[in-house]
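Next come the chains, spelled out residue by residue.
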Amino acid sequence: QVQLVESGGGLVQAGGSLRLSCAASGRTFSGLVVGWFRQNPGKERELVGRITWSGANPYNADSVKGRFTISRDNAKNTVYLQMNSLKPEDTAVYYCAARFPSRLSYEYWGQGTQVTVSS
């Protein structure tokens, strides 16, 4: 019901910035919850941030608070993750995901985009 495609990953030096994009199609509506996750080999998948399609209730994890900002542009059907002051520990595959507000888990996932931060 929801299709997601991530883009914007790449290689960046510590202290640099990247903006990830998640293009959504299908059943997008105001209550849809869209999140950004990341996973590094050998580590647990982590919720980085999430926002509703309407822009309500934005959230960022403590590990990225003050550096990352999640936002959306409904006209472009896109959710963004702006990443500033990047650190090597931010290196991971980043995924966008979506769920309906009545669900407990994220059901729809993109393919992921690699972010690598060098020292």
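Just so you know, the residues in each chain are numbered from 1, in the order the chain's sequence is written. Note on the predicted model: pLDDT of at least 70 is required for a residue's local features to be given, and 80 or more for side-chain atom pairs to be given and counted; whole-chain, interface and lining totals, by contrast, use all residues. Derived side-chain values reflect all non-hydrogen atoms in the structure, with water molecules and hydrogen atoms excluded from consideration.

Caption draft 1: Molecular detail of the pattern of salt bridges. What counts as a salt bridge is simple: a side-chain nitrogen of Lys or Arg found within 4 Å of a carboxyl oxygen of Asp or Glu. As enumerated under the stated definition, the model contains four salt bridges in all. Close ionic contact of Glu46 with Arg38 constitutes a salt bridge, the shortest N to O distance being 2.9 Å. When its relative accessible area of 25% is taken as the criterion, Glu46 is described as partly exposed. The buried label goes to any residue with under 20% of its type's maximum accessible area, the exposed label to any with over 50%, and the partly exposed label to all in between, with areas taken from a 1.4 Å probe on protein chains only. Judged by relative accessible area, Arg38 falls into the buried class, the value being 8%. One salt bridge connects Lys65 with Asp62, and the closest N-O pair in it is separated by 3.1 Å.

Caption draft 2: Representation of the nonpolar core. Among the buried residues, those of types Ala, Val, Leu, Ile, Met, Phe, Trp, Tyr and Cys that are joined through side-chain atoms within 4.5 Å form a nonpolar core. Counting residues in hydrophobic clusters, the biggest one holds 29 residues, and the most contacted among them are Leu4, Trp36, Phe68, Val79, Leu81, Met83 and Tyr94. We count a stretch as a helix when DSSP gives it H or I for four or more residues in a row; a strand needs E for two or more, and each element gets its number in order from the N terminus. Secondary-structure elements contributing two or more residues to this core are strand S1 (2–7), strand S3 (18–26), strand S4 (33–39), strand S5 (46–52), strand S7 (68–73), strand S8 (78–83), strand S9 (92–99) and strand S11 (113–118). Two residues qualify as a contact provided that any one of their heavy atoms is within 4.5 Å of a heavy atom in the partner residue. Each residue touching Met83, except ones within four places of it in the same chain, is listed here: Gly16, Ser17, Leu18, Leu20, Arg67, Phe68, Tyr94 and Val115.

Any functional reading would require information beyond the geometric quantities listed.
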